[in-house]
Amino acid sequence: MKEKIIDERKIRDILAETKNPSSRTILKILKKAREKKGLELKDAGSLVNFNQPELKKKLFAAAGWVKNEIYGERLVFFAPLYLSDYCVNDCEYCNFHLANKQLRRKRLTLKEIGEQTAILINMGHKRILLECGEDPQHNDIDYVVRAIKKIYSVKTDKGSIRRINVNIAATSVSDYRKLKKANIGTYQLFQETYHRPTYARLHRGPKADYERQITAHSRAFAAGLDDLGIGVLFGLYDWRFEVLALISHAQYLDKVYKVGPHTISVPRFQNAPSVTFKSQYPVSDDDFLKLIAILRIVVPYTGIIISTRENPQIRKKAFQIGVSQASAASCVTIGGYGSKDSQPQFKIHDNRRLEEVVKTALSDGFLPSFCTACYRRDRTGGKFMEFSKHGEIHKFCRVNAILTFAEYLEDFSSNDLREQGKACLEFYLKKIEDLPLRQETQKRLGEISNGKRDLYF
Ligand code: SAM
Ligand code: SF4
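Calculation notes
Residues numbered from 1 in each chain as written. Chains lettered and ligands numbered in written order. Predicted model: local features only at pLDDT ≥ 70, side-chain atom pairs only at ≥ 80, totals over all residues. Heavy atoms only, no water. Helix = DSSP H or I, 4+ residues; strand = E, 2+ residues; numbered from the N terminus. Expected span 1.5 Å × (residues − 1). Polar contact = N/O pair within 3.5 Å; in protein donor to acceptor, adjacent residues only side chain to side chain. Contact = heavy atoms within 4.5 Å. Buried < 20%, exposed > 50% of the residue type's maximum accessible area, 1.4 Å probe, protein only. Pairing = 2+ DSSP bridges.

Student: Whenever I open this one, helix 11 (residues 239-257) confuses me. Can you help?
Tutor: It helps to recall that an α-helix has 3.6 residues per turn; residues three or four apart then point in one direction. Here helix 11 contains 19 residues, and its C-alpha end-to-end distance of 26 Å stays within 8% of the 27 Å for a straight helix at 1.5 Å per residue. In this structure Asp 238 caps helix 11, since a side-chain oxygen of it lies 3.0 Å from the backbone nitrogen of Arg 240. Phi for Lys 258, located one or two positions after helix 11, is positive at around 60 degrees.

If you want it as structure tokens, here you go:
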């Protein structure tokens, strides 16, 4: 019999069995987490079910430790680029839903895509997440591929976009092959909710097909895409169930394809202009941070992504306990960079400029990174996991963060930030234990200050 991706009954049973776990159980799990080998679904059940505040502090400490061990101090920044809000689906939570007849739909032309890309490059971004609604007439896969080619082709005196991750609707193997050929980074698709009755209630249109959504990553694998991202839109259903389902999905991909997900995204439902949906399962800030910490220790080798849906205070805490990638200075409207006149997909809560985000990250002890090296060096899928499981990825992440942040400081920063940033580079350079690697990094830093760009390991 074909293995189920998500076994809802098993998840329910675990959630019931692990109710009110003892402090001893939780401490044992947290000790095991520090072995960095990941945890069982049942452990995750105990973690979502405990409530003792002193244990939560210990969970955060363990998650912060695991994050640092695997990913180090670097924090990768990116921005979304929305191509089109044409959509044939009626997702109740989204402003782009078909029922929104007030929305003057817009699809960017290639010229406009070029202009938006140039703005993003001139802000300092090197990687973007391409987004659009599902509409085979207006935004078919060939349009998306043309957009990708256009984005990669744009060069300004500040450089170019070096990695395009893609978040578009579930599609066929042949469409995924086209994305693979277009040289994308990670393909991300969120299940939104793993709870079937909730999924059925909130979706209409082709996306209402739960099976199409949950099997999409398998089709993407079949097409040769091996850097895949999963996610849940928190607030649609009980977060405890969703966390166990996300973990089951990650474990399924790991077991069947020998490659776990490259990233897990944790969007939380936000109000949106035409959306009347009211969450019956709102996730509090406390629970939100807790679930990030749990994901961090249960699937330690998977990057966690947070967006500007969250405010700066939450993001700051999330960076400390597990998040390794964050969008910054984002615009969630079509053609919204450099303009103010279209409608956002949802409300965002971090409106800071990239420089401000970078500055705060620095003050909090992080090393800002604009790295895009792995997929360009063929460290994707299984190869990436091999590196990360042997603790090697940390090594690459640090040096590539140093080089890309040095570029950022040269090309974009104010004097004030430059000073703070250079001190950070010095600090982390000294932390490179491998002496030849440190010397090579130092040499390349010299080349960057002499105008050379796009150096990576
Ligand atoms: N249209 C494609 C899809 O639905 O898979 C591409 C992604 S859509 C542009 C990006 C994501 O935004 C969705 O997967 C959903 O999780 C999220 N989203 C939609 N409405 C939201 C809201 N009101 N608040 C927060 N996130 C939302
Ligand atoms: Fe369309 Fe995606 Fe919004 Fe659903 S979430 S309405 S599929 S853009």
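Once you've had a look at it, read on.
Student: Explain the environment of Thr 18 to me, please; I cannot follow it from the model alone.
Tutor: Turning to its location among the elements, Thr 18 is positioned in the loop between helix 1 (8-17) and helix 2 (23-33). Residues Thr 18 and Gly 421, spaced 403 residues apart in sequence, show a C-alpha to C-alpha distance of 46 Å. For Thr 18, the residues in contact, after removing those within four places along its chain, are Lys 42, Gly 45, Ser 46 and Asn 49. At a separation of 2.6 Å, a polar atom in the side chain of Thr 18 contacts the main-chain carbonyl oxygen of Ile 14. Within polar-contact distance, the side chain of Thr 18 engages the backbone oxygen of Gly 45 at 3.4 Å.

Student: Sorry, what's going on with the side chain of Arg 163 here?
Tutor: Looking at the secondary structure, you find Arg 163 in strand 3 (residues 163-167). Residue Arg 163 is classed as buried on the basis of its relative accessible area, which comes to 3%. Polar contacts involving the side chain of Arg 163 include one to the side chain of Thr 186, which spans 2.6 Å. Every residue in contact with Arg 163, bar those within four places of it in the chain, is listed here: Lys 126, Arg 127, Ile 128, Tyr 152, Gly 185, Thr 186, Asp 227, His 262, Thr 372 and Tyr 375.

Student: Please clarify how the pairing of strand 1 (residues 74-84) should be interpreted in this entry.
Tutor: Here is the key point about a regular strand: its side chains alternate between the two faces of the sheet. Buried residues dominate strand 1, accounting for 11 of its 11 residues. Two elements, strand 1 and strand 9 (residues 367-369), share 3 bridges in a ladder whose sense is parallel. What sits directly across from Arg 74, in strand 9, is Leu 367. Taken together, the 3 bridges between strand 1 and strand 8 (residues 325-327) define a ladder with parallel strand orientation. For Val 76, the partnering residue across the bridge sits in strand 8 and is Gln 325. Relative to strand 2 (residues 127-132), strand 1 is paired through 5 bridges, and the arrangement is parallel. By the bridge assignment for strand 2, Tyr 82 is matched with Glu 131.

Keep in mind that these numbers describe shape and distance, not what the molecule does.
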